[in-house]
Amino acid sequence: MTRARESEPTVVSKVETRTDLRWSRKDLLGLRELSADEINFVLDTADAFKQVGTREIKKVPALRGKTLVNFFVEPSTRTKTSFELAAFRLSADVINISVTTSSLTKGETLKDTAKNLQALHADILVLRHSSAGAPQFLAERLQSSVINAGDGAHEHPTQGLLDLYTIREKKGRMDGLHVVIVGDILFSRVARSNVFALIKFGARVTLVGPSTLVPRDFERLGVTISHDIDQVLPTADVVNLLRIQHERQRKEYFPGLGEYVRLFGLTKERAKLLRPDCLIMHPGPVNRGVEIDSEVADGNQSVILDQVTNGLAVRMAVLYLCGGIAT
Amino acid sequence: MTKSDTSVASAVLIMDGDAIRRALRRIAHEIVERNPDLKRVVLAGIPSRGNEIARRIADTISVIEETNIDVGTIDVAMHRDDVGTRSELPIVQASRLPLPLENRTVVIVDDVLFTGRTVRAAMDAINSFGRPARIQLAALIDRGHRELPIRADYVGKNLPTAFTEKVRVQLGDDQGSEGVWLIKEEKR
(Lines give C-alpha, C1' and ligand atoms only; values in the text may rest on other atoms or scores of the structure.)
Protein backbone atom coordinates (compact mmCIF):
# COMPACT_ATOMS: atom_id res chain seq x y z
CA MET A 1 0.00 0.00 0.00
CA THR A 2 2.47 2.58 -1.13
CA ARG A 3 2.32 5.54 -3.41
CA ALA A 4 3.85 4.84 -6.76
CA ARG A 5 6.86 7.11 -6.59
CA GLU A 6 8.09 5.99 -3.22
CA SER A 7 7.13 2.37 -3.78
CA GLU A 8 9.83 0.12 -2.44
CA PRO A 9 10.83 -2.96 -4.37
CA THR A 10 10.49 -5.16 -1.29
CA VAL A 11 7.31 -6.91 -2.36
CA VAL A 12 8.84 -8.49 -5.40
CA SER A 13 12.34 -9.01 -4.09
CA LYS A 14 11.00 -10.80 -1.02
CA VAL A 15 9.52 -13.45 -3.25
CA GLU A 16 12.69 -13.87 -5.22
CA THR A 17 14.89 -14.27 -2.16
CA ARG A 18 12.82 -17.07 -0.71
CA THR A 19 14.19 -20.55 -0.93
CA ASP A 20 12.98 -22.84 -3.67
CA LEU A 21 11.85 -25.19 -0.95
CA ARG A 22 8.38 -26.60 -1.30
CA TRP A 23 6.55 -28.20 1.60
CA SER A 24 6.12 -31.93 1.15
CA ARG A 25 5.16 -33.25 4.59
CA LYS A 26 1.66 -34.47 5.35
CA ASP A 27 2.40 -34.56 9.07
CA LEU A 28 3.98 -32.31 11.65
CA LEU A 29 5.29 -34.54 14.40
CA GLY A 30 8.18 -32.56 15.83
CA LEU A 31 10.68 -29.83 15.11
CA ARG A 32 13.69 -32.09 15.54
CA GLU A 33 13.25 -33.59 12.08
CA LEU A 34 12.62 -30.27 10.29
CA SER A 35 15.39 -28.33 8.61
CA ALA A 36 15.95 -24.65 9.33
CA ASP A 37 14.67 -23.93 5.80
CA GLU A 38 11.47 -25.84 6.45
CA ILE A 39 10.90 -24.01 9.73
CA ASN A 40 11.50 -20.67 8.03
CA PHE A 41 9.06 -21.67 5.32
CA VAL A 42 6.35 -22.32 7.91
CA LEU A 43 7.10 -19.00 9.62
CA ASP A 44 6.94 -17.12 6.29
CA THR A 45 3.61 -18.79 5.55
CA ALA A 46 2.40 -17.81 9.03
CA ASP A 47 3.31 -14.19 8.19
CA ALA A 48 0.76 -14.27 5.38
CA PHE A 49 -1.91 -15.89 7.51
CA LYS A 50 -1.39 -13.51 10.42
CA GLN A 51 -2.64 -10.73 8.19
CA VAL A 52 -5.93 -12.56 7.55
CA GLY A 53 -6.88 -11.81 11.17
CA THR A 54 -6.84 -8.08 10.41
CA ARG A 55 -9.25 -8.32 7.48
CA GLU A 56 -12.88 -7.41 7.60
CA ILE A 57 -13.70 -11.01 6.73
CA LYS A 58 -11.28 -13.11 8.76
CA LYS A 59 -11.75 -16.25 6.75
CA VAL A 60 -10.20 -17.68 3.61
CA PRO A 61 -11.37 -20.72 1.64
CA ALA A 62 -7.98 -22.46 1.59
CA LEU A 63 -9.18 -25.68 3.30
CA ARG A 64 -12.82 -25.52 2.29
CA GLY A 65 -14.36 -28.98 2.31
CA LYS A 66 -11.64 -30.48 4.51
CA THR A 67 -12.50 -32.02 7.85
CA LEU A 68 -10.30 -31.57 10.86
CA VAL A 69 -10.57 -33.68 13.97
CA ASN A 70 -9.26 -32.17 17.18
CA PHE A 71 -8.45 -35.31 19.13
CA PHE A 72 -7.34 -34.38 22.62
CA VAL A 73 -6.63 -37.35 24.84
CA GLU A 74 -5.22 -34.95 27.44
CA PRO A 75 -6.91 -31.82 28.68
CA SER A 76 -6.13 -28.59 26.88
CA THR A 77 -8.10 -25.45 26.32
CA ARG A 78 -5.90 -22.96 24.57
CA THR A 79 -4.16 -25.27 22.13
CA LYS A 80 -7.43 -26.90 21.17
CA THR A 81 -9.17 -23.55 20.79
CA SER A 82 -6.28 -22.16 18.78
CA PHE A 83 -6.36 -25.10 16.36
CA GLU A 84 -10.12 -24.87 16.16
CA LEU A 85 -10.09 -21.17 15.33
CA ALA A 86 -7.26 -21.69 12.86
CA ALA A 87 -9.34 -24.34 11.10
CA PHE A 88 -12.39 -22.07 11.04
CA ARG A 89 -10.38 -19.26 9.48
CA LEU A 90 -9.29 -21.69 6.76
CA SER A 91 -12.91 -22.80 6.19
CA ALA A 92 -12.32 -26.38 7.34
CA ASP A 93 -14.98 -28.24 9.31
CA VAL A 94 -14.02 -29.17 12.84
CA ILE A 95 -14.97 -32.01 15.17
CA ASN A 96 -13.70 -31.95 18.74
CA ILE A 97 -13.11 -35.18 20.59
CA SER A 98 -11.81 -35.03 24.12
CA VAL A 99 -10.93 -37.64 26.70
CA THR A 100 -14.34 -37.84 28.22
CA THR A 101 -16.24 -38.09 24.95
CA SER A 102 -13.87 -40.58 23.37
CA SER A 103 -14.41 -44.31 23.27
CA LEU A 104 -10.89 -44.69 24.62
CA THR A 105 -12.57 -44.67 28.01
CA LYS A 106 -14.56 -47.71 26.85
CA GLY A 107 -11.39 -49.61 26.06
CA GLU A 108 -10.99 -48.88 22.35
CA THR A 109 -7.36 -48.73 21.27
CA LEU A 110 -5.86 -45.54 19.89
CA LYS A 111 -5.40 -47.18 16.54
CA ASP A 112 -9.01 -48.31 16.31
CA THR A 113 -10.28 -44.88 17.25
CA ALA A 114 -8.08 -43.37 14.57
CA LYS A 115 -9.15 -45.92 11.96
CA ASN A 116 -12.72 -44.95 12.66
CA LEU A 117 -11.88 -41.30 12.20
CA GLN A 118 -10.29 -42.13 8.89
CA ALA A 119 -13.33 -44.09 7.83
CA LEU A 120 -15.24 -40.86 8.32
CA HIS A 121 -12.80 -39.22 5.87
CA ALA A 122 -11.18 -36.88 8.34
CA ASP A 123 -8.44 -35.09 6.42
CA ILE A 124 -6.47 -33.70 9.32
CA LEU A 125 -6.04 -35.17 12.76
CA VAL A 126 -4.73 -32.89 15.49
CA LEU A 127 -3.61 -35.10 18.32
CA ARG A 128 -2.81 -34.31 21.94
CA HIS A 129 -1.73 -37.41 23.80
CA SER A 130 -0.02 -38.26 27.07
CA SER A 131 2.25 -40.81 25.39
CA ALA A 132 5.31 -39.67 23.48
CA GLY A 133 5.22 -41.05 19.96
CA ALA A 134 1.43 -41.43 19.70
CA PRO A 135 1.22 -38.95 16.77
CA GLN A 136 3.97 -40.76 14.90
CA PHE A 137 2.25 -44.10 15.50
CA LEU A 138 -0.88 -42.77 13.83
CA ALA A 139 0.92 -40.83 11.10
CA GLU A 140 2.53 -44.04 9.91
CA ARG A 141 -0.82 -45.80 9.75
CA LEU A 142 -3.23 -43.19 8.46
CA GLN A 143 -3.61 -41.34 5.21
CA SER A 144 -4.83 -38.30 7.07
CA SER A 145 -2.41 -35.55 8.02
CA VAL A 146 -1.42 -35.88 11.64
CA ILE A 147 -0.46 -32.77 13.59
CA ASN A 148 1.17 -33.24 16.96
CA ALA A 149 -0.47 -30.93 19.48
CA GLY A 150 1.76 -32.21 22.27
CA ASP A 151 2.74 -35.80 23.02
CA GLY A 152 3.84 -36.65 26.53
CA ALA A 153 7.17 -35.04 27.35
CA HIS A 154 8.33 -35.37 23.73
CA GLU A 155 7.42 -32.40 21.52
CA HIS A 156 4.89 -29.64 21.05
CA PRO A 157 5.93 -28.42 17.62
CA THR A 158 3.34 -25.71 17.05
CA GLN A 159 4.23 -24.15 20.41
CA GLY A 160 7.89 -24.22 19.39
CA LEU A 161 7.02 -22.62 16.05
CA LEU A 162 4.96 -19.86 17.61
CA ASP A 163 7.76 -19.12 20.08
CA LEU A 164 10.21 -18.89 17.20
CA TYR A 165 7.81 -16.77 15.18
CA THR A 166 7.45 -14.36 18.10
CA ILE A 167 11.21 -14.14 18.60
CA ARG A 168 11.81 -13.60 14.87
CA GLU A 169 9.07 -11.00 14.73
CA LYS A 170 10.34 -9.02 17.71
CA LYS A 171 14.08 -9.47 17.29
CA GLY A 172 14.32 -9.78 13.51
CA ARG A 173 16.68 -12.75 13.80
CA MET A 174 17.44 -15.82 15.86
CA ASP A 175 21.14 -16.51 15.33
CA GLY A 176 23.37 -15.35 18.14
CA LEU A 177 20.49 -14.67 20.50
CA HIS A 178 20.73 -15.91 24.05
CA VAL A 179 17.50 -17.70 24.90
CA VAL A 180 16.93 -18.73 28.50
CA ILE A 181 14.31 -21.36 29.23
CA VAL A 182 13.34 -21.61 32.88
CA GLY A 183 11.42 -24.24 34.76
CA ASP A 184 10.33 -27.80 34.47
CA ILE A 185 12.50 -28.85 31.55
CA LEU A 186 12.40 -32.57 32.26
CA PHE A 187 8.66 -32.87 31.69
CA SER A 188 8.41 -30.13 29.11
CA ARG A 189 7.68 -30.87 25.46
CA VAL A 190 7.65 -27.12 24.92
CA ALA A 191 11.26 -26.91 26.03
CA ARG A 192 12.28 -29.76 23.75
CA SER A 193 10.63 -28.32 20.67
CA ASN A 194 12.15 -24.93 21.42
CA VAL A 195 15.63 -26.34 21.96
CA PHE A 196 15.59 -28.47 18.80
CA ALA A 197 14.55 -25.50 16.69
CA LEU A 198 16.55 -22.69 18.30
CA ILE A 199 19.79 -24.61 17.94
CA LYS A 200 19.22 -25.03 14.19
CA PHE A 201 19.14 -21.24 13.91
CA GLY A 202 22.33 -20.67 15.88
CA ALA A 203 20.73 -19.36 19.05
CA ARG A 204 22.51 -19.92 22.36
CA VAL A 205 20.19 -21.72 24.74
CA THR A 206 20.49 -21.92 28.52
CA LEU A 207 18.16 -24.15 30.50
CA VAL A 208 17.56 -23.08 34.08
CA GLY A 209 15.80 -24.89 36.91
CA PRO A 210 16.25 -27.22 39.85
CA SER A 211 18.71 -30.01 39.11
CA THR A 212 15.93 -32.57 39.43
CA LEU A 213 14.03 -30.93 36.60
CA VAL A 214 16.97 -29.89 34.41
CA PRO A 215 19.07 -32.99 33.97
CA ARG A 216 22.64 -32.75 32.66
CA ASP A 217 21.59 -35.03 29.79
CA PHE A 218 20.33 -31.99 27.95
CA GLU A 219 23.88 -30.73 27.44
CA ARG A 220 24.17 -33.34 24.71
CA LEU A 221 21.69 -31.31 22.67
CA GLY A 222 24.15 -28.42 22.66
CA VAL A 223 22.68 -26.25 25.38
CA THR A 224 24.06 -24.84 28.60
CA ILE A 225 22.60 -25.89 31.94
CA SER A 226 22.39 -23.58 34.92
CA HIS A 227 20.80 -23.73 38.32
CA ASP A 228 21.43 -20.08 39.11
CA ILE A 229 18.91 -17.87 37.36
CA ASP A 230 20.39 -14.58 38.65
CA GLN A 231 23.63 -15.31 36.88
CA VAL A 232 21.94 -16.01 33.54
CA LEU A 233 19.32 -13.28 33.28
CA PRO A 234 21.64 -10.28 32.61
CA THR A 235 22.79 -11.68 29.24
CA ALA A 236 19.41 -12.99 28.07
CA ASP A 237 17.74 -11.74 24.87
CA VAL A 238 14.70 -13.91 25.52
CA VAL A 239 13.42 -15.51 28.72
CA ASN A 240 10.88 -18.26 28.22
CA LEU A 241 9.19 -19.26 31.46
CA LEU A 242 7.61 -22.66 31.45
CA ARG A 243 4.55 -23.43 33.44
CA ILE A 244 5.06 -25.48 36.56
CA GLN A 245 2.94 -28.46 35.71
CA HIS A 246 1.29 -29.30 38.99
CA GLU A 247 -0.52 -32.19 37.38
CA ARG A 248 2.71 -33.87 36.35
CA GLN A 249 4.78 -33.09 39.40
CA ARG A 250 5.71 -35.70 41.84
CA LYS A 251 7.00 -34.54 45.15
CA GLU A 252 10.47 -35.97 44.78
CA TYR A 253 11.27 -33.73 41.81
CA PHE A 254 10.14 -30.53 43.25
CA PRO A 255 11.28 -28.34 46.12
CA GLY A 256 7.83 -26.88 46.78
CA LEU A 257 6.21 -23.80 45.30
CA GLY A 258 7.53 -21.31 47.83
CA GLU A 259 11.08 -22.41 47.33
CA TYR A 260 10.64 -22.53 43.56
CA VAL A 261 9.48 -18.93 43.53
CA ARG A 262 12.41 -17.92 45.70
CA LEU A 263 14.97 -19.70 43.54
CA PHE A 264 13.55 -19.46 40.00
CA GLY A 265 10.46 -17.25 39.89
CA LEU A 266 10.72 -14.16 37.72
CA THR A 267 9.86 -11.72 40.46
CA LYS A 268 9.67 -7.97 40.05
CA GLU A 269 13.09 -7.62 41.68
CA ARG A 270 14.65 -10.30 39.55
CA ALA A 271 13.22 -8.77 36.37
CA LYS A 272 15.44 -5.74 37.01
CA LEU A 273 18.42 -7.92 36.09
CA LEU A 274 17.09 -8.18 32.53
CA ARG A 275 18.17 -6.02 29.64
CA PRO A 276 15.46 -3.54 28.74
CA ASP A 277 14.99 -5.21 25.33
CA CYS A 278 14.80 -8.76 26.65
CA LEU A 279 11.56 -10.50 25.70
CA ILE A 280 9.58 -12.30 28.38
CA MET A 281 7.65 -15.29 27.07
CA HIS A 282 5.35 -17.87 28.61
CA PRO A 283 3.42 -20.62 26.82
CA GLY A 284 0.49 -20.23 29.20
CA PRO A 285 -1.54 -20.76 31.19
CA VAL A 286 0.38 -18.51 33.58
CA ASN A 287 0.59 -19.34 37.27
CA ARG A 288 0.79 -15.76 38.44
CA GLY A 289 3.07 -15.42 41.44
CA VAL A 290 4.81 -18.71 40.69
CA GLU A 291 6.83 -18.65 37.47
CA ILE A 292 6.29 -14.94 37.06
CA ASP A 293 4.95 -12.00 39.04
CA SER A 294 1.77 -10.42 37.80
CA GLU A 295 3.41 -7.06 37.19
CA VAL A 296 6.13 -8.65 35.07
CA ALA A 297 3.64 -10.75 33.10
CA ASP A 298 1.68 -7.61 32.27
CA GLY A 299 4.75 -5.40 31.76
CA ASN A 300 6.03 -3.95 28.52
CA GLN A 301 8.71 -6.62 28.03
CA SER A 302 6.09 -9.35 28.09
CA VAL A 303 5.04 -10.77 24.72
CA ILE A 304 2.77 -13.43 26.21
CA LEU A 305 -0.33 -12.21 24.37
CA ASP A 306 1.62 -11.81 21.11
CA GLN A 307 2.39 -15.51 21.46
CA VAL A 308 -1.31 -16.28 21.56
CA THR A 309 -2.00 -14.21 18.43
CA ASN A 310 0.99 -15.69 16.65
CA GLY A 311 -0.03 -19.19 17.67
CA LEU A 312 -3.16 -18.82 15.62
CA ALA A 313 -1.21 -17.70 12.54
CA VAL A 314 1.34 -20.48 12.93
CA ARG A 315 -1.37 -23.12 13.29
CA MET A 316 -3.13 -21.80 10.20
CA ALA A 317 0.15 -22.15 8.33
CA VAL A 318 0.71 -25.69 9.58
CA LEU A 319 -2.83 -26.81 8.77
CA TYR A 320 -2.62 -25.20 5.34
CA LEU A 321 0.73 -26.76 4.51
CA CYS A 322 0.11 -30.26 5.86
CA GLY A 323 -3.58 -30.41 5.03
CA GLY A 324 -3.28 -28.70 1.67
CA ILE A 325 -0.89 -31.02 -0.08
CA ALA A 326 -2.38 -33.66 -2.31
CA THR A 327 -2.32 -37.05 -0.66
CA MET B 1 9.76 -24.28 -19.95
CA THR B 2 10.85 -27.64 -18.65
CA LYS B 3 12.77 -30.13 -20.65
CA SER B 4 12.47 -33.86 -20.38
CA ASP B 5 13.89 -36.77 -22.34
CA THR B 6 10.87 -37.17 -24.54
CA SER B 7 10.09 -33.57 -25.43
CA VAL B 8 11.96 -30.51 -26.57
CA ALA B 9 10.87 -26.97 -25.87
CA SER B 10 11.06 -24.16 -28.39
CA ALA B 11 10.67 -20.55 -27.34
CA VAL B 12 9.30 -17.90 -29.68
CA LEU B 13 9.82 -14.28 -28.69
CA ILE B 14 6.44 -12.50 -28.67
CA MET B 15 7.33 -9.18 -27.05
CA ASP B 16 10.70 -7.66 -26.27
CA GLY B 17 11.41 -5.16 -23.50
CA ASP B 18 10.42 -2.18 -25.67
CA ALA B 19 7.14 -3.79 -26.69
CA ILE B 20 6.31 -4.47 -23.03
CA ARG B 21 7.08 -0.87 -22.14
CA ARG B 22 4.83 0.46 -24.92
CA ALA B 23 1.99 -1.90 -23.97
CA LEU B 24 2.13 -0.87 -20.32
CA ARG B 25 2.23 2.81 -21.30
CA ARG B 26 -0.93 2.32 -23.32
CA ILE B 27 -2.63 0.51 -20.43
CA ALA B 28 -1.67 3.42 -18.14
CA HIS B 29 -3.34 5.86 -20.56
CA GLU B 30 -6.45 3.70 -20.75
CA ILE B 31 -6.71 3.51 -16.95
CA VAL B 32 -6.44 7.31 -16.78
CA GLU B 33 -9.09 7.68 -19.47
CA ARG B 34 -11.56 5.31 -17.81
CA ASN B 35 -11.01 6.58 -14.26
CA PRO B 36 -11.34 10.37 -14.04
CA ASP B 37 -10.85 10.29 -10.25
CA LEU B 38 -7.44 8.63 -10.01
CA LYS B 39 -7.28 9.16 -6.25
CA ARG B 40 -9.84 6.41 -5.92
CA VAL B 41 -7.89 3.91 -8.00
CA VAL B 42 -5.79 1.16 -6.41
CA LEU B 43 -3.55 -0.98 -8.58
CA ALA B 44 -3.44 -4.41 -6.92
CA GLY B 45 -0.72 -6.65 -8.30
CA ILE B 46 -0.84 -10.43 -8.09
CA PRO B 47 2.59 -11.68 -6.92
CA SER B 48 5.12 -11.69 -8.16
CA ARG B 49 5.15 -10.25 -11.69
CA GLY B 50 1.75 -8.59 -11.31
CA ASN B 51 3.34 -6.46 -8.58
CA GLU B 52 6.12 -5.35 -10.89
CA ILE B 53 3.68 -4.56 -13.70
CA ALA B 54 1.41 -2.62 -11.33
CA ARG B 55 4.38 -0.57 -10.18
CA ARG B 56 5.42 0.23 -13.75
CA ILE B 57 1.89 1.28 -14.68
CA ALA B 58 1.71 3.46 -11.56
CA ASP B 59 5.05 5.07 -12.43
CA THR B 60 3.79 5.88 -15.92
CA ILE B 61 0.55 7.33 -14.56
CA SER B 62 2.47 9.49 -12.11
CA VAL B 63 4.46 10.91 -15.05
CA ILE B 64 1.56 11.54 -17.44
CA GLU B 65 -0.91 12.81 -14.83
CA GLU B 66 1.54 14.15 -12.25
CA THR B 67 -0.37 12.39 -9.53
CA ASN B 68 0.54 9.42 -7.40
CA ILE B 69 -1.65 6.38 -7.39
CA ASP B 70 -2.04 3.71 -4.71
CA VAL B 71 -0.37 0.38 -5.36
CA GLY B 72 -1.09 -2.77 -3.37
CA THR B 73 -0.53 -6.47 -3.55
CA ILE B 74 -3.18 -9.14 -3.43
CA ASP B 75 -2.49 -12.70 -2.34
CA VAL B 76 -4.42 -15.33 -4.22
CA ALA B 77 -2.81 -18.51 -2.93
CA MET B 78 -5.07 -18.92 0.08
CA HIS B 79 -8.13 -18.20 -2.04
CA ARG B 80 -7.50 -20.76 -4.74
CA ASP B 81 -9.99 -23.55 -5.35
CA ASP B 82 -7.49 -26.27 -6.16
CA VAL B 83 -5.72 -26.76 -2.85
CA GLY B 84 -5.33 -30.46 -2.23
CA THR B 85 -5.41 -31.30 -5.92
CA ARG B 86 -2.00 -29.90 -6.79
CA SER B 87 1.20 -31.62 -5.80
CA GLU B 88 2.76 -28.26 -5.07
CA LEU B 89 1.16 -25.72 -2.81
CA PRO B 90 1.30 -22.12 -3.93
CA ILE B 91 3.33 -19.96 -1.56
CA VAL B 92 1.03 -17.73 0.45
CA GLN B 93 1.88 -14.12 1.08
CA ALA B 94 0.31 -11.25 2.93
CA SER B 95 -1.94 -8.94 0.94
CA ARG B 96 -1.44 -5.21 1.23
CA LEU B 97 -4.30 -2.94 0.26
CA PRO B 98 -5.15 0.59 1.32
CA LEU B 99 -8.18 0.39 3.59
CA PRO B 100 -11.05 1.01 3.54
CA LEU B 101 -11.81 -0.11 -0.01
CA GLU B 102 -15.32 1.38 -0.01
CA ASN B 103 -15.86 3.78 -2.94
CA ARG B 104 -12.57 2.79 -4.54
CA THR B 105 -11.76 1.14 -7.85
CA VAL B 106 -9.39 -1.79 -7.51
CA VAL B 107 -7.54 -2.71 -10.69
CA ILE B 108 -6.23 -6.27 -10.45
CA VAL B 109 -2.94 -6.48 -12.33
CA ASP B 110 -1.39 -9.74 -13.55
CA ASP B 111 1.10 -10.77 -16.19
CA VAL B 112 -0.84 -13.49 -18.01
CA LEU B 113 -4.62 -13.98 -18.11
CA PHE B 114 -5.37 -17.64 -18.80
CA THR B 115 -8.21 -19.68 -17.23
CA GLY B 116 -9.41 -16.79 -15.08
CA ARG B 117 -9.23 -18.82 -11.89
CA THR B 118 -6.47 -16.70 -10.41
CA VAL B 119 -8.53 -13.57 -11.06
CA ARG B 120 -11.56 -15.19 -9.45
CA ALA B 121 -9.41 -15.93 -6.38
CA ALA B 122 -8.11 -12.35 -6.40
CA MET B 123 -11.66 -10.97 -6.44
CA ASP B 124 -12.56 -13.18 -3.46
CA ALA B 125 -9.48 -11.97 -1.63
CA ILE B 126 -10.34 -8.32 -2.31
CA ASN B 127 -13.89 -8.83 -1.08
CA SER B 128 -12.59 -10.15 2.23
CA PHE B 129 -11.05 -6.71 2.83
CA GLY B 130 -14.19 -4.74 2.05
CA ARG B 131 -16.51 -3.75 -0.74
CA PRO B 132 -14.87 -1.67 -3.44
CA ALA B 133 -17.04 0.39 -5.78
CA ARG B 134 -15.72 -1.61 -8.71
CA ILE B 135 -13.03 -4.08 -9.67
CA GLN B 136 -11.24 -3.93 -13.01
CA LEU B 137 -8.63 -6.19 -14.55
CA ALA B 138 -5.40 -5.43 -16.39
CA ALA B 139 -3.20 -8.13 -17.94
CA LEU B 140 -0.04 -7.83 -19.97
CA ILE B 141 -0.98 -10.93 -21.98
CA ASP B 142 -4.41 -12.43 -22.61
CA ARG B 143 -3.81 -15.93 -23.91
CA GLY B 144 -7.45 -17.13 -23.96
CA HIS B 145 -8.83 -20.44 -22.67
CA ARG B 146 -11.06 -18.92 -20.02
CA GLU B 147 -12.83 -21.37 -17.72
CA LEU B 148 -14.86 -18.66 -15.97
CA PRO B 149 -16.89 -15.69 -17.23
CA ILE B 150 -14.07 -13.19 -16.77
CA ARG B 151 -12.57 -10.68 -19.21
CA ALA B 152 -9.88 -8.06 -18.91
CA ASP B 153 -10.56 -4.32 -19.04
CA TYR B 154 -7.00 -3.56 -20.12
CA VAL B 155 -4.89 -5.92 -22.23
CA GLY B 156 -1.28 -5.43 -23.33
CA LYS B 157 -1.45 -8.06 -26.05
CA ASN B 158 -3.92 -10.72 -27.12
CA LEU B 159 -1.99 -13.89 -27.79
CA PRO B 160 -3.74 -16.89 -29.34
CA THR B 161 -2.26 -20.05 -27.82
CA ALA B 162 -2.82 -23.76 -27.62
CA PHE B 163 -3.85 -24.94 -24.17
CA THR B 164 -0.70 -26.97 -23.77
CA GLU B 165 1.63 -24.12 -24.67
CA LYS B 166 3.18 -21.97 -21.99
CA VAL B 167 3.76 -18.25 -21.83
CA ARG B 168 6.89 -17.03 -20.11
CA VAL B 169 7.12 -13.44 -18.95
CA GLN B 170 10.45 -12.06 -17.82
CA LEU B 171 10.71 -8.62 -16.31
CA GLY B 172 13.65 -6.66 -15.01
CA ASP B 173 13.44 -8.31 -11.63
CA ASP B 174 14.02 -11.72 -13.17
CA GLN B 175 17.30 -13.13 -14.35
CA GLY B 176 18.18 -12.37 -17.95
CA SER B 177 16.58 -10.05 -20.45
CA GLU B 178 13.02 -8.78 -20.54
CA GLY B 179 10.46 -10.27 -22.83
CA VAL B 180 7.47 -12.50 -23.42
CA TRP B 181 8.00 -15.92 -24.98
CA LEU B 182 5.62 -18.57 -26.20
CA ILE B 183 6.95 -21.98 -25.21
CA LYS B 184 5.96 -24.99 -27.25
CA GLU B 185 6.81 -28.45 -26.11
CA GLU B 186 7.13 -30.85 -28.99
CA LYS B 187 7.26 -34.61 -28.71
CA ARG B 188 10.37 -36.06 -30.20
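Worth saying up front: this structure is predicted, and the values here are computed from it rather than measured. Sequence order as written defines residue numbering, which begins from 1 separately in each chain. A letter from A marks each chain and a number from 1 marks each ligand, given out in the order of writing. The predicted origin of the model limits local features to residues at a pLDDT of at least 70 and limits the giving and counting of side-chain atom pairs to 80 or more, whereas totals for whole chains, interfaces and linings rest on all residues. For the side-chain quantities, the full set of heavy atoms in the structure was used; hydrogens and water were omitted.

### Considering the overall build of chain B
Rule in force here: We count a stretch as a helix when DSSP gives it H or I for four or more residues in a row; a strand needs E for two or more, and each element gets its number in order from the N terminus. Here the globule rule reads 2.2 Å times residues to the power 0.38, and the radius of gyration is calculated from C-alpha atoms. Each residue gets one of three labels from its accessible area relative to the maximum for its type: buried under 20%, exposed over 50%, partly exposed in between, using a 1.4 Å probe on protein chains only. The contact criterion used throughout is that any non-hydrogen atoms of two residues lie within 4.5 Å. Accessible areas in this description were obtained via Shrake-Rupley with a 1.4 Å probe; residue shielding takes into account the shown protein chains only. We treat Lys and Arg as the positive residues and Asp and Glu as the negative residues; His and chain ends play no part in the count. Where a charge lies is defined by one atom per residue type: Lys uses NZ, Arg uses CZ, Asp uses CG and Glu uses CD.
Across its full length, chain B holds 3 helices and 8 strands. Tracing chain B from N to C terminus, the helices and strands come up as β-α-β-α-β-β-α-β-β-β-β. Relative to a compact globule of 188 residues, whose C-alpha radius of gyration would be 16 Å, chain B shows 17 Å and is just as compact. Seen through its principal axes, chain B has C-alpha atoms that stretch 55 × 40 × 30 Å. Within chain B, buried positions represent 54% of all 188 residues. In chain B, the proportion of contacts linking residues at least 24 apart, taken out of those at least 6 apart, comes to 69%. Approximately 8,600 Å² of chain B is accessible, and the part contributed by carbon and sulfur atoms is 47%. Taking the 28 positively charged and 28 negatively charged side chains of chain B as two groups, their mean positions are separated by 2 Å.

### Remarks on the environment of Val-195 of chain A
Residue and element names in this part refer to chain A. Tracing the backbone shows Val-195 in helix H7 (residues 189-200). Separated by 135 residues in the primary sequence, Val-195 and Val-60 have C-alpha atoms spaced 33 Å apart. Excluding anything up to four places from it in sequence, Val-195 contacts Ile-181, Val-205, Leu-207, Leu-221 and Val-223.

### Comments concerning H7 of chain A
All names here are of chain A. Rule in force here: Under the convention used throughout, the expected extent of a helix is 1.5 Å for every residue step, that is, one less than its residue count. Any N or O atom pair separated by 3.5 Å or less is treated as a polar contact, with the protein-specific requirement of one donor-capable and one acceptor-capable atom, and with residues adjacent in sequence counted only for side-chain atom pairs.
Along its 12 residues, H7 runs 17 Å from first to last C-alpha, staying within 8% of the 16 Å computed at 1.5 Å per residue. Along H7, 10 of the 12 residues are buried, which leaves the element largely enclosed by surrounding structure. Of all the positions in H7, only Arg-189, Val-190, Ala-191, Arg-192, Ser-193, Asn-194, Val-195, Phe-196, Ala-197 and Leu-198 are classed as buried. Its side-chain oxygen 3.2 Å from the backbone nitrogen of Val-190, Ser-188 forms the N-cap of H7. Immediately beyond the C-terminal end of H7, within one or two residues, lies Gly-202, with a positive phi of roughly 80 degrees.

### Here's the deal with the side chain of Gln-159 of chain A
With respect to the helices and strands, the residue Gln-159 of chain A is situated in helix H6 (residues 157-171). A residue is classified by how much of its surface remains accessible, and Gln-159 of chain A, at 6% relative accessible area, is buried.

### Considering the packing of H6 of chain A against helix H12 (residues 304-324) of chain A
Residues and elements named next belong to chain A. Basically, it comes down to this: As a rule, the C-alpha atoms of each element are fitted with a line to give its axis, helices using only the stretch in contact, and angles between N-to-C directions run from 0 to 180 degrees. Should the near helix be turned anticlockwise from the far one by less than a right angle, the crossing is termed left-handed; should it be turned clockwise, right-handed. Residues were grouped as follows: Ala, Val, Leu, Ile, Met, Phe, Trp, Tyr, Cys and Pro as nonpolar; Asp, Glu, Lys and Arg as charged; and all remaining residues, including Gly, as polar.
Interhelical geometry of H6 versus H12 gives an angle of 120 degrees and a closest axis separation of 8 Å. The two elements H6 and H12 meet at a crossing, and its hand is right-handed. Of the residues in H12, those in contact with Thr-158, Gln-159, Leu-161, Leu-162, Asp-163, Tyr-165, Thr-166, Glu-169 and Lys-170 of H6 are Asp-306, Gln-307, Asn-310, Gly-311, Val-314, Arg-315 and Val-318. A breakdown of the residues in the contact of H6 with H12 according to their chemical character gives 5 nonpolar, 6 polar and 5 charged.

### Regarding the layout of surface pockets
What counts is decided by this rule: Put plainly, a pocket is an open set of points on a 1 Å grid over the protein atoms alone with protein on both sides within 12 Å along at least five of seven lines, a cavity is a set where a 1.4 Å probe fits but cannot get out, and a lining residue has an atom within 4 Å of a point. Grid points are joined across faces, edges and corners, and a volume is the space filled by probe spheres set on the points.
In this structure, the second largest pocket spans a volume of roughly 470 Å³. The wall of the second largest pocket is formed by 20 residues, among which Arg-128, Arg-189, Arg-243, Gln-245 and Gly-284 of chain A lie closest to the centre.

### Quick word on the nonpolar core
Threshold: Only buried residues count toward a nonpolar core. Its members are Ala, Val, Leu, Ile, Met, Phe, Trp, Tyr and Cys residues joined through side-chain atoms within 4.5 Å.
Counting 70 residues, the largest nonpolar core has Phe-49, Leu-207 and Leu-319 of chain A as the members making the most contacts within it. Counting residues per element, this core draws most heavily on H12 of chain A, which supplies 10 residues.

### Some points on the pairing of strand E3 (residues 70-73) of chain B
All names here are of chain B. Put simply, the rule is: Pairing between strands requires that DSSP locate at least two bridges from one strand to the other.
Burial of the side chains of E3 extends over both faces: Asp-70 and Gly-72 are buried on one face and Val-71 and Thr-73 on the other. Where strand E2 (residues 41-45) meets E3, 4 bridges bridge the pair, whose relative direction is parallel. The residue bridging Leu-43 from the neighbouring strand is Val-71, located in E3.

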